[in-house]
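Secondary and tertiary structure notes
As a plain string of letters, each chain reads:
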Amino acid sequence: MNAFLRRLAVGLPLLALLEFGLGGAQEALVTVQGKVRFEKIPLLDQGLSLHNASFQPAQGITVRLLAEEQELAVTSTDANGDFALQGPTGATVHVEVMAQTEKPNVARVVNPTSRQIISLSSQPFTLQPGLAPLELEATDASGTGGALNALDALRRANQFLMAAGAQLDLPLLDVNWAPGSTTGTFFSRERGAFILGERSSDSDEYDDPVLIHEYGHFLTSTLSRDDSPGGFHSGGNLLDPRLAWSEGFANFFAQAVLNDPVYRDSGPDGHIALRFNIENNVEPGVRNETRASGYWSEHSVAAVLWDLFDSGPSDDDGVQVPMRDIWQAVVRLGGNDFVYLIDFADALVAIRPDLAQDIGAVLALEDITYTPSARPTVSLPFPSLMNPGQGVSGTADAFLTCRQDFSTDCSRDSTQPVPGLLNSHHFYEFTLDQPSRVTLTLTITAAAGAPTVDLDLAILDPTRLNSAGRCCQVVASSQRQSRIGDREKIFLAELPAGRYVAEVSAIRFSSNSRLQFTLPRDGTYTLEVGSFQPLPSGQSGQYRLGLVAAGGEQTPRLVPDPAGPGREATMVVGTAINGLLEPGDRSQGLGNYLDRISFQGKAGQVVTASVSSSQFDTVLTLLSADGRRLSYNDDVPNGASAASYTLELRLGD
């Protein structure tokens, strides 16, 4: 029995198979041929060129022949988008195109709410000889064109790496997207990639640089090492070097696949929202054109990688490293921890020692003094080294977003703390040659902005991953609010021999949210209350939302919430409501429920909205009447935003 009949035997009665006859099975089958194309919208300097869309072959996409819901045959499209399927003469069937790549499955696009694979189907027809070829088109309007474009971008990324000699043994990746999805664009090791889909505010299904950027995160998490702490980032920020490496590599990878140094990201209604050239060795958006280069800058990371990779008339650095060598160096990072740009440079020098001087010259373009023969290879290693019996000192600041150098503030973002910035976490590495009694003492020497100070202390094992699959597992920690002069202390009667990292952190999030905003015009505004993490299946979460205006009563009056599941509430400035996130509410999928509460505001009015909950971690968003996001807050900061400290490590008694 051939492979088709083995599959068919599952879905058809034995009598039907006997009627075909084993010897005459070929005569009883009809071949269905067809082509799958998807609508491609170009992304240009002005944004999505909606009027210049074209149809392109959908390569490597899963196609099924179905009789009602019974699968009769399955195949994948070829390089021209063509497919061929066979089914029994006289059967009423339809063809389904699934947003899923050919086996081994690399990726599939799923609706984040229903968890169903995005698909399109032909009209039912009867299998009979002489069938005309089917033409199946995934359009932007139907919501299937964007799904197949996303998979096509990932296919090009895989082809690019395989051409560079990469061995891609990848697990299945879920790309969570649907028209209208507003969950965000990001990659989660646990949940897959998420892509925005609301064209009026921001959609990314046709932003190929953004799609490949997120796929770059998936590749490094799977085949290399990605220790990024996550958090807010942009080209003008000075970041935790792990975050800078993660985002900078993803930017470079996207543009290398596309063979274009210009990164583009569309925004509301498809208009361009972000455009920058990673070939430029100057930070975009830095005030007064001040350079903020270094291994803590995602733009510096992308610029270094592009300078190593590019060639041709625009190449002004005189270096050209094959992608094969660059990717091999990236894969080598899988055995490292606290991975950042300098680790990559060391790995590349190990592969190509003949390029050591050239690599140092490229890093120097980003103000990085790199000496391959030295240990450490840079003057300010990450993490910094700390010897037992010696004290170190510093200032941790959760709000610092930009620095001209190591001592001067550029700007501050006073809306919320950001965990991924350079100065929000300090790390100090130490090594124990034998099991030892360890005392780690953090002393607060100065603070600003509050009578209490919120610096936390931890000892990390960098060789072990935490529950999120990233560096590092916490061995011990101390988390309490202190005053100037207070000490936080970790005491361990015995810590095994090995390498450890002491962490001083200025981040300690609450579960509550607050935002303040000056309303731009008279009209209706909407507050959107959500949960940062999904609520457990079938469960609900209570919250209280208050809304006040500057100059008015600052203790809002509690009023009933008239809305039930799935209904929108209204409130007035100066009041508060008790709400409930529950099944039946708006959903972003996976238990992320949303409540929307509208209010009337006046131009120039300064409003403060606060939401608190003891049952879930709140997220608060302010939307305009046309659905645009005006402001957002995740956590109310606890304690001072900045504090100076000394840290001492003692061994023994």
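Calculation rules
- Residues numbered from 1 in each chain as written.
- Predicted model: local features only at pLDDT ≥ 70, side-chain atom pairs only at ≥ 80, totals over all residues.
- Heavy atoms only, no water.
- Helix = DSSP H or I, 4+ residues; strand = E, 2+ residues; numbered from the N terminus.
- Buried < 20%, exposed > 50% of the residue type's maximum accessible area, 1.4 Å probe, protein only.
- Areas by Shrake-Rupley, 256 points an atom, 1.4 Å probe, with all protein chains shown as cover.
- Disulfide = S-S within 2.5 Å.
- pLDDT = per-residue confidence, 0-100.
- Contact = heavy atoms within 4.5 Å.
- Pairing = 2+ DSSP bridges.
- Salt bridge = Lys/Arg side-chain N within 4 Å of Asp/Glu carboxyl O.
- Core = buried A, V, L, I, M, F, W, Y, C linked by side-chain atoms within 4.5 Å.
- Expected span 1.5 Å × (residues − 1).
- Axes fitted to C-alpha atoms, helices over the stretch in contact; angles between N-to-C directions.
- Parallel < 35°, antiparallel > 145°, perpendicular 65-115°, else oblique.
- Left-handed = near helix turned anticlockwise from the far one by under 90°.
- Nonpolar A, V, L, I, M, F, W, Y, C, P; charged D, E, K, R; others polar.
- Phe/Tyr/Trp six-rings, centres within 6.5 Å; stacked < 30°, edge-to-face > 60°.
- Polar contact = N/O pair within 3.5 Å; in protein donor to acceptor, adjacent residues only side chain to side chain.

Moving on to the overall build of the protein. Assigned secondary structure in the protein consists of 9 helices and 41 strands. The proportion of buried residues among the 653 residues of the protein is 53%. Summed over its atoms, the accessible surface of the protein is roughly 28,300 Å², and 48% of this surface lies on carbon and sulfur atoms.

It is worth spelling out the state of the cysteines at this point. Here the structure, examined in full by the defined rule, presents 1 disulfide. Here Cys-471 connects covalently by a disulfide to Cys-472, the sulfurs 1.7 Å from one another. Of the two residues, Cys-471 and Cys-472, both sit in the buried class.

The subject of this paragraph is the confidence of the model for the protein. Averaged over the protein, the pLDDT score is 84; the fraction of residues at 70 or greater is 82%. This model gives residues 284-291 a pLDDT under 50, and the stretch forms 14 contacts once residues within four places in sequence are excluded. Every residue in residues 401-417 scores below 50 in pLDDT, and together they form 45 contacts with partners more than four places removed in sequence or on other chains.

Here we take up the pairing of strand β30 (residues 513-518). Put simply, side chains in a regular strand alternate between the two faces of the sheet. The two faces of β30 differ: Ser-513, Leu-515 and Phe-517 on one face are buried, but Arg-514, Gln-516 and Thr-518 on the other face are not. Note: β30 against strand β38 (residues 606-612), 6 bridges, orientation antiparallel. In the strand pairing of β38, Ser-513 is matched with Val-611.

So, about the side chain of Glu-214. Mapped onto the elements of the fold, Glu-214 is located in helix α4 (residues 208-223). On the basis of relative accessible area, Glu-214 is assigned to the buried category, the value being 8%.

So, about the pattern of salt bridges. A complete count under the given rule lists 24 salt bridges for this structure. Its salt-bridge partner being Arg-155, residue Asp-152 comes within 2.8 Å of it at the nearest N-O pair. Taken as a pair, Asp-152 and Arg-155 lie in helix α3 (residues 145-163) at a separation of 3 residues, close to a single helical turn. Like Asp-152, the residue Arg-155 is buried in the burial classification.

Here we take up the nonpolar core. Where a protein is soluble and globular, its nonpolar side chains tend to be buried together. Trp-245, Phe-252 and Phe-344 are the most contacted members of the largest nonpolar core, which totals 110 residues. Excluding its chain neighbours within four sequence positions, the residues that come into contact with Phe-252 are Ile-278, Ala-302, Leu-305, Trp-306, Phe-309, Met-323 and Ile-326. In this structure, Leu-440, Ile-444, Val-453 and Leu-492 belong to the second largest nonpolar core, which totals 26 residues.

With that settled, the discussion passes to the pairing of strand β18 (residues 262-266). Across the 5 residues that make up β18, a large majority, 5, are buried. Burial along β18 is two-sided: the residues Val-262, Arg-264 and Ser-266 and Tyr-263 and Asp-265 are all buried. In terms of strand pairing, β18 meets strand β19 (residues 272-277) through 5 bridges, oriented antiparallel. Following the sheet pairing, Asp-265 is matched in β19 by Leu-274. The antiparallel hairpin formed by β18 and β19 contains 5 residues in its connecting segment, where Asp-269 sits at a positive phi of about 55 degrees.

Spatial ordering of the open sheet is given by β20-β24-β29-β26-β27, a layout of 5 strands whose pairing is mixed. Either end of the sheet is taken by a strand with one partner, and the two such strands are β20 (384-385) and β27 (471-478). Of the pairings in the sheet, the one linking strand β26 (residues 456-465) to strand β29 (residues 498-505) comprises 5 bridges and is antiparallel in character. Note that in β29 the partner of Ile-459 across the bridge is Ala-502.

Here we come to α3. For α3, spanning 19 residues, the distance from its first C-alpha to its last is 27 Å, which sits close to the expected 27 Å at 1.5 Å a residue. Where burial is concerned, most of α3 is hidden: 15 out of the 19 residues are buried. Immediately beyond the C-terminal end of α3, within one or two residues, lies Gly-165, with a positive phi of roughly 85 degrees.

Once that is clear, we can look at the packing of α3 against α4. At their nearest, the axes of α3 and α4 sit 9 Å apart, and the two run at 55 degrees to each other. In terms of axis orientation, α3 runs oblique to α4. Crossing of α3 over α4 shows right-handed handedness. Listed contacts from α4 to Asn-149, Ala-150, Ala-153, Leu-154, Arg-156, Ala-157, Asn-158 and Leu-161 of α3 are Asp-208, Leu-211, Ile-212, Tyr-215 and Leu-219. A breakdown of the residues in the contact of α3 with α4 according to their chemical character gives 9 nonpolar, 2 polar and 2 charged.

Turning our attention to α4. The end-to-end C-alpha distance of α4 is 22 Å, a good match for the 22 Å that 16 residues give at a rise of 1.5 Å each. Most of α4 is tucked away, with 14 of its 16 residues classed as buried.

In this section: the packing of aromatic side chains. Under the definition given, this model contains 21 aromatic pairs. When the centroid spacing of 5.9 Å and the interplanar angle of 15 degrees are considered together, the rings of Phe-249 and Phe-253 count as stacked. A residue pair is termed a helical-turn pair when its members lie 3 or 4 positions apart in one helix, as Phe-249 and Phe-253 do in helix α5 (residues 241-258) at 4 residues. When its relative accessible area of 2% is taken as the criterion, Phe-249 is described as buried. Grouped by ring-pair contacts, the aromatic residues Phe-160, Trp-245, Phe-249, Phe-252, Phe-253, Trp-306, Phe-309 and Phe-344 constitute a single cluster.

Before going further, it helps to spend a moment on the sheet that holds strand β33 (residues 557-558). Taking strand neighbours across the sheet as the criterion, the 5 strands line up as β30-β38-β32-β35-β33 in an open arrangement whose pairing is mixed. Each edge of the open sheet is held by one strand with a lone partner, namely β30 and β33.

With that settled, the discussion passes to the side chain of Arg-199. Mapped onto the fold, Arg-199 is located in the loop between β16 (197-198) and β17 (202-203). Of note is the side chain of Arg-199, whose polar atom sits 3.0 Å from the side chain of Glu-205. Not counting residues up to four positions away in its chain, the partners in contact with Arg-199 are Ile-41, Leu-48, Leu-50, Asp-140, Glu-205, Tyr-206, Gly-267, Pro-268, Asp-269 and Gly-270.

The subject of this paragraph is the environment of Leu-363. Structurally, Leu-363 can be placed in helix α9 (residues 356-364). On the accessibility criterion, Leu-363 (1% relative accessible area) is buried. Filtering out sequence-adjacent residues up to four positions away, Leu-363 remains in contact with Val-304, Leu-341, Ala-345, Ile-368 and Tyr-370.

The next thing to look at is the environment of Ser-540. Residue placement: Ser-540 occurs in the loop between β31 (523-531) and β32 (541-549). Residue Ser-540 is classed as partly exposed on the basis of its relative accessible area of 38%. Once the C-alpha coordinates of Ser-540 and Leu-581 are considered, the two residues, 41 residues apart in sequence, prove to be 5.4 Å apart. If we ignore the near neighbours within four places in the chain, the residues touching Ser-540 are Leu-535, Leu-580, Leu-581, Glu-582 and Gln-615.

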